[in-house]
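This is what each chain is made of:
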Amino acid sequence: MAKTELRSEVGIDAPPARVYAVLTDFGRYHEWNPYLTSVRGELAVGTKLQLEISLPEGKTYELVPEVTQVIENTELRWRSQVWLQGLLLAEHFFQLREHAGQTRVMQGQDFSGFLLRFSGNSLTLAARGAVYMNQALKKRAESGA
């Protein structure tokens, strides 16, 4: 089965609690987030979220992933599948850790399944979108907004 892992990391001059607060304030994503432009739902393990992902210079996708991990100030993780299991599975996560007075944020996206081979440049755009989001998250968390 085809598998692709995307990773993007950023250092933020703000404590993990501040970065986590920005990441979990879904109602304000439209104000700052160029990649995950809309997230609705309760952030609790086992619940479903409604996501709108806007790829840079690409399409907008709507997904309904299940939240699989919530550790306050440390990690968020959700997983979605397209159609039937095995066709396309996507997992998205954020890991926060304090390091040398900064919060290091690792954003990851893992894709697997048969349809992955037909993704074209969507994975490249998803990787770019994650970088744009990380930079916007840094700006937002450091501004205190």
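What comes next is a walk through the structure.

Calculation notes
Residues numbered from 1 in each chain as written. Predicted model: local features only at pLDDT ≥ 70, side-chain atom pairs only at ≥ 80, totals over all residues. Heavy atoms only, no water. Pairing = 2+ DSSP bridges. Helix = DSSP H or I, 4+ residues; strand = E, 2+ residues; numbered from the N terminus. Expected span 1.5 Å × (residues − 1). Buried < 20%, exposed > 50% of the residue type's maximum accessible area, 1.4 Å probe, protein only. Contact = heavy atoms within 4.5 Å. Axes fitted to C-alpha atoms, helices over the stretch in contact; angles between N-to-C directions.

**What to know about the pairing of strand β5 (residues 66-71)**
So, step 1. Two elements, β5 and strand β6 (residues 75-82), share five bridges in a ladder whose sense is antiparallel. Note on β6: the bridge partner recorded for Q69 is R77.
So, step 2. Hairpin connection from β5 to β6: three residues lie between these consecutive antiparallel strands, with N73 at a positive phi of about 65°.

**Some words on helix α3 (residues 122-143)**
So, step 1. Across its 22 residues, α3 extends 31 Å between first and last C-alpha, which sits within 8% of the 32 Å expected from 1.5 Å per residue.
So, step 2. Buried within α3 are the following residues: L123, L125, A126, G129, A130, M133, N134, A136, L137, R140 and A141.
So, step 3. Contacts from the buried residues of α3 go to β1 (3-12), α1 (16-24), α2 (29-32), β2 (36-40), β7 (88-99) and β8 (102-112).
So, step 4. Phi turns positive, to about 75°, at G144, one or two residues after α3.

**Thoughts on the sheet that holds strand β3 (residues 50-54)**
Either a parallel or an antiparallel arrangement is found when strands of a sheet pair, and the pairing is made through backbone hydrogen bonds.
So, step 1. With antiparallel pairing, the three strands of this open sheet are ordered in space as β2-β3-β4. What marks the edges here is a single partner per strand, and that holds for β2 and β4 (60-63). Here the strands of the sheet are splayed against their neighbours by 10° on average, with no regard to which way each runs.
So, step 2. Two strands pair when backbone bridges link them, and β3 and β4 are joined in this way by four bridges, in the antiparallel orientation. The residue bridging L51 from the neighbouring strand is L63, located in β4.

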